[in-house]
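Structure at a glance
These are the residues of each chain, in order.
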Amino acid sequence: MISLSHVDKFYGKQDVLKDVSLSIHAGERIALVGINGAGKTTLFKILLGTMEPDNGLVHRKRGLRLGYLPQDVIELTGKTVLQQVMEVDSSVQQILAEFKQVTQSLDHTSDHAQLEVLAGRQSHLLSEMERLGAYDLEFRAKQVLAGLGFKEESFQAPVENLSGGWIMRVALARLLLSQPDLLLLDEPTNHLDLDSLIWLETFLQNTSSSLLLISHDRAFLDRVVQKTFELEKGSLASFPGNYSRYLLEKQKRVQIQEAALANQQEKIRQLEDFIARNRSRKDRARQVQSRIKTLENLERIQPPSTERKISFRFQEPERAGKAVLELKGISKSYGQNHLYKKLDLIITREDRIAVLGPNGAGKSTLLKIMTGAVKPDSGHRHIGHKVNIGYFAQHQLEQLEGSRTVWQEAATVAGDRTYGTLRSLLAAFLFREEDIEKKVSVLSGGEKSRLVILKMLLSGANFLLFDEPTNHLDIPSREVLEEALKSFTGTLCMITHDRHLINALANKVLYIRDEKAELFPGNYQDFEEIWKARLWVAEPLPKNRTGEEGTQTNKSAARKSPEEKRQEAERRNALFRRQAPLKKQIMELEEQLSKAFEEKKRMEKLLSDPDTYQDGSGFEDLMQAYKRIQKEVDALTVCWEEAVLQMETTEDQS
C-alpha cells in the first residue's frame, strides 16, 4: 500500500532518518515509537508527501487515500460541529448537493423527456451514494461524535466556540468517518477522557483502514496495534506484536547484541594479544599481517543504546494524621449543571485514589474543592492534621518563571539539598547536563510538566493531587513519574486516563457520576473486572401507591396526614436499624479488600522479579501465599457482593 526504500533525511549535520525502509499493508495496525526528537513526525511528513527525503524512494499505491491527525491543535471555523464532521469527502458533498437539486427539479418538472433524464440522473446518484456510504452519513457522524464524548445538543454548536481539545475531537471524528486507506494518528488520545479513549480503541480495532499510530499511552497501544516500528538514532526496526511484546522482543535483541559484542571483544583481545606477542618474530610475520588485516576488516558491533536508569528517592514527607481530608455534604452546580448533591468522602493516610467518571461529571472540580481553590455551594471541607497539599494541573505550567533556568527553578524548592542530590534528581527526571541551563520559556510541554512534578515532590507535600499529569509526557517520562510516585509515602489522588499508571499506583478508585461518588478498593483492572458492573445495573422505576411501576399519581403526591408522616418516620427508623450493621459490614469488607489487594499486588511484583526464581524453595512458598491471597480476595468479594445485595433488598422492602 505504501513503502519507503533506503530513505535518508538530514537536518544540518543531524541524521534524523538513516537508510529507513518499511512497508505498510492493508489492514495492518502499527505503532511508531521512539523518544521525543527521534524523527517520528518527520517520518509521518514523508509518508504524507509534505516533505521529500534527501535520499531513497517513497512508493504509494495509486489512488491511496491518507488521513492525518496532527498533534497540534488545528483551526476549524464557519460550520457547526455536525457539518464539520460530515465534510469527509468533497465528492460526497457534491453528490448530496446534486441529489438534492435533482430531487427538487423532479418535483417541479412536468415535461416527460426532462423527467426521464432527471430520473436517470437520480438513479445514478443513488448508486454513487450507496457506494460512498452517503445514505447514512449523518447517522454515522452522530455515532462517532457521541463516541468521542459530544452530547447531542452540541452537534449544532458553532465549531469555533469549542476549546482546542474539543476541536481536536471534531477533527478526529471527521477523520474516522472518512475511512481512508491509511490513518496516520499523532497522539490521538491527548484530548480524550477515559470513556472516549475506550470507545476509540474499539473503533480502531474494527476499522477497515490501516493504521500508523504515535501514542504514549501504553495500555492503548497494547489493545490496538499488531506491530511496532521503533525509531532510534535515525534507524528503524520492526517488531511483531503490541507494545508489551515489543518491550520483550527489544530486551531479547539487546541481550543478543550484548552477547555478540562480548564475543567480538574477546576475539579482538585474542588477535591483539597474538599481534603484540609475535610482532617482532620474523617466522610469524605472515600470521601477524593476516591478523592485522582481519582486525582492519572487522565490522565492529556497536553496544546497544540502552538508557541508563538513575535510581532516586525523595525525602519522606512529614507524616499526616489518619484522616487526610473529609468532605461532608458537598453540593456543587454551575447553572443547571448539577455536579454533586450531598457528596461525602473521607480520604485516609496512604490512600492512592484514581478519580474516574464520564466527561463533565466534575472530576477536576472535585480536586479543586479538595485544594480549597473552588468553594462548594454547600457542605464542609476539613483538612487533617499536618496535611500539606501539592496540586498539579495543566494551567500550572504557565506559573513557572520563564526567565529562570531549569536548575534555578528546581532550586527554589530544593531546601538544604546538596548540589549533587539536586543534580541527580534532575537527571532522574530526564534533565541531562545540557538541559539544566535551558531557560524555562523554551521548554516543551512535557519538559515543563516534568519540572512542575519534580518541584511538587521536592516541596515536602504529603497529599498530592494530580489532574491529568501524563498529558504531554512521553513513555520514558511516564515511567519516571510512575517510579517517583511508587516510592512516595504520602497520600495520592489523581485524575488520569493512563490505565497503566492507575494499575501501577492506585489502591482505590473513586467513580463520579449522576451527582454521586462511590469509592471502590483496588486499581483500574479490579474496577473493570469486579466493580464496574454494579454501576451499570438498571435502577427500577419508582413505584406508585398501587405497586405498579410508573409516575406518581396526583393522589400520592398530595399532602400527607400526621398518621402517614408518623408511619413514614417509623419506616425510616426501621430501615436505618436494618441497614446500620450492613453499612458497617460493607465498610469493614472494603477495608479488608483494600489490604488484600495491596498484598496481592506486592506478591505479583515479587513474582515478576527474576531474583525470586533464584531460590526454588522461596518461590514455592511465595506461590502458595499468592494462591491463599487470591482465594481471600475471591471470598471477600463474594461477601461484599452479598452484603451490598442485602442492603439493596432492605431498600426495596422499605
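This structure is a prediction, so every number in the text was calculated from the model and none was measured. Within any chain, residue numbers begin from 1 and follow the written order of that chain's sequence. Local features in this predicted model are restricted to residues of pLDDT 70 or higher, and side-chain atom pairs are both shown and tallied only at a pLDDT of 80 or more, whereas totals for entire chains, interfaces and linings draw on every residue. Values shown for side chains rest on all heavy atoms present in the structure; no hydrogens or waters enter the calculation.

1. Describing the overall build of the chain
Counting its secondary structure elements, the chain contains 19 helices and 18 strands. Remark: exposure states derive from per-residue accessible area (1.4 Å probe, protein chains only) relative to the maximum for the residue type, with buried under 20%, exposed over 50%, and partly exposed in between. The proportion of buried residues among the 654 residues of the chain is 43%. For the accessible areas, the method is Shrake-Rupley and the probe is 1.4 Å, while residue cover comes only from the protein chains on display. About 35500 Å² of surface is accessible on the chain, with carbon and sulfur atoms providing 49% of the total. Helix and strand definitions follow DSSP, with helices as H or I runs of at least four residues and strands as E runs of at least two, each counted in order from the N terminus.

2. Let's talk about the nonpolar core
Buried Ala, Val, Leu, Ile, Met, Phe, Trp, Tyr and Cys residues that are joined via side-chain atoms within 4.5 Å together make up what is termed a nonpolar core. Grouped together as the largest cluster of nonpolar side chains are 65 residues, with contacts concentrated most on Leu426, Phe429, Leu457, Leu464 and Phe466. It is helix α19 (residues 616-653) that provides the largest number of residues to this core, a total of 10 residues. Each of two domains, domain 4 (323-522) and domain 5 (565-653), supplies a minimum of three residues to this core. In this description, contact between two residues means that some pair of their heavy atoms is separated by no more than 4.5 Å. Beyond its immediate chain neighbours, meaning those up to four positions away, leucine 464 contacts Gly390, Met456, Leu457, Leu485, Phe488, Thr491, Leu492 and Cys493. The domain boundaries here were taken from an automatic or database domain assignment.

3. A few points about the sheet that holds strand β13 (residues 378-383)
Across a sheet, strands are paired by hydrogen bonds formed along the backbone, either parallel or antiparallel in direction. Paired strands, in this sense, are two strands between which DSSP finds at least two bridges. Here we have 3 strands laid out as an open sheet, ordered β11-β10-β13, and antiparallel in their pairing. Edge strands, defined here as strands with exactly one partner in the open sheet, are β11 (337-348) and β13. Shown here is a sheet whose adjacent strand axes are inclined to one another by a mean of 15°, direction ignored. Axis definition: a line fitted to C-alpha atoms, limited for helices to the stretch in contact. Angles are taken between N-to-C directions and run from 0 to 180 degrees. Across the sheet, helix α11 (residues 363-371) touches β10 (323-334), β11 and β13, and the angle it forms with β10 is around 125°.

4. Things to note about the confidence of the model for the chain
Values of pLDDT, which run from 0 to 100, indicate the predictor's confidence residue by residue. On average, residues of the chain score 83 in pLDDT, and 88% of them reach the 70 mark or higher. For residues 538-558, every residue scores under 50 in pLDDT, and the model assigns this stretch 11 contacts once sequence neighbours within four places are set aside.

5. Comments concerning the side chain of lysine 455
With respect to the secondary-structure elements, lysine 455 resides in helix α14 (residues 445-458). Here a polar contact is recorded for every N or O atom pair within 3.5 Å, except that within protein the pair must consist of a potential hydrogen donor and a potential acceptor, and residues adjacent in sequence are included only if both atoms are side-chain atoms. A polar atom in the side chain of lysine 455 sits 2.6 Å from the side chain of glutamate 409. Beyond its immediate stretch of four places on either side in the chain, lysine 455 contacts Leu400, Glu409, Ala410, Thr412 and Val413.

6. Things to note about the packing of aromatic side chains
Here a pair means two rings of Phe, Tyr or Trp (six-membered ring of Trp) with centres within 6.5 Å. Their orientation is stacked below 30 degrees between planes, edge-to-face above 60, and tilted elsewhere. In the structure shown here, the tally under the stated rule is 11 aromatic pairs. Centroid distance tyrosine 511 to phenylalanine 527: 5.4 Å. Interplanar angle 20°. Geometry classified as stacked. Linking tyrosine 511 in strand β17 (residues 508-513) with phenylalanine 527 in helix α17 (residues 524-535), this pair joins segments that are 16 residues apart in sequence. There is no split in this pair, since tyrosine 511 and phenylalanine 527 are both buried.

7. Observations concerning the environment of valine 509
Looking at the element boundaries, valine 509 is found in strand β17. Separated by 156 residues in sequence, valine 509 and isoleucine 353 have C-alpha atoms that sit 5.4 Å apart. Beyond its immediate sequence surroundings of up to four residues, valine 509 is in contact with Ala354, Leu356, Glu518, Leu519, Phe520, Gly522, Asn523, Tyr524 and Phe527.

8. A word on the packing of helix α5 (residues 137-147) against helix α7 (residues 194-206)
Put simply, α5 and α7 touch, their axes get as near as 8 Å, and they point 135° apart. As far as their axial angle goes, α7 and α5 are oblique. Listed contacts from α7 to Gln143, Val144 and Gly147 of α5 are Ser196, Trp199 and Phe203. Polarity classes work like this: nonpolar for Ala, Val, Leu, Ile, Met, Phe, Trp, Tyr, Cys and Pro, charged for Asp, Glu, Lys and Arg, and polar for all others, with Gly in that last group. Of the residues assigned to the contact of α5 with α7, the class counts are 3 nonpolar, 3 polar and no charged. For classification purposes, angles smaller than 35 degrees are called roughly parallel, those larger than 145 roughly antiparallel, those between 65 and 115 roughly perpendicular, and all remaining angles oblique.

9. So, the side chain of glutamine 264
Examined against the element boundaries, glutamine 264 turns out to sit in helix α9 (residues 243-278). There is a polar contact of 2.8 Å between the side chain of glutamine 264 and the backbone nitrogen of isoleucine 301. Dropping the residues within four chain positions of it, glutamine 264 is found in contact with Leu298, Glu299, Arg300 and Ile301.

10. Brief notes about the pairing of strand β5 (residues 66-69)
The alternating pattern of β5 places Gly67 and Leu69 on a buried face and Leu66 and Tyr68 on a face that is not buried. Two strands pair when backbone bridges link them, and β5 and strand β6 (residues 182-186) are joined in this way by 4 bridges, in the parallel orientation. Across the sheet, residue leucine 69 finds its bridge partner in β6, namely leucine 185.

11. Quick look at the sheet that holds strand β7 (residues 210-214)
The mixed open sheet is built from 6 strands, whose spatial order is β5-β6-β7-β3-β8-β9. Sheet topology places β5 and β9 (235-240) at the edges, where each strand pairs with a single neighbour. Adjacent strand axes in the sheet meet at a mean angle of 15° when their direction is disregarded. The pairing of strand β3 (residues 29-33) with strand β8 (residues 227-232) spans 4 bridges and is parallel. Residue valine 33 lies in a different strand from β8, and its bridge partner there is glutamate 230. Across the face of the sheet, helix α6 (residues 164-178) comes into contact with β5 and β6 while running at roughly 165° to β5.

12. Quick notes on the environment of arginine 499
Turning to its location among the elements, arginine 499 is positioned in helix α16 (residues 499-505). Taking C-alpha positions, arginine 499 is 8.5 Å from phenylalanine 220, a pair spaced 279 residues apart along the chain. Ignoring sequence-local partners within four residues, the contact set of arginine 499 consists of Leu194, Leu197, Ile198, Glu201, Asp217, Ala219, Phe220, Arg223 and Tyr524. Side-chain polar atoms of arginine 499 contact the side chain of glutamate 201, separated by 2.3 Å.

13. A word on the pattern of salt bridges
Any Lys or Arg side-chain nitrogen located within 4 Å of an Asp or Glu carboxyl oxygen qualifies as a salt bridge. Scanning all chains against the criterion turns up 29 salt bridges. One salt bridge connects lysine 79 with glutamate 87, and the closest N-O pair in it is separated by 3.4 Å. Under the relative-accessibility criterion, lysine 79 is labelled partly exposed at 29%. Overall, the relative accessible area of 33% leaves glutamate 87 in the partly exposed class. In this structure, the salt-bridge partner of aspartate 351 is lysine 508, at a minimum N-O distance of 3.1 Å. Residue aspartate 351 is located in the loop between β11 and β12 (352-356), and its partner lysine 508 is located in strand β17; the two are separated by 157 residues in the primary sequence. A cluster of three or more residues bridged by salt bridges with shared partners is formed by Arg218, Arg478, Glu482, Glu483, Lys486 and Asp498.

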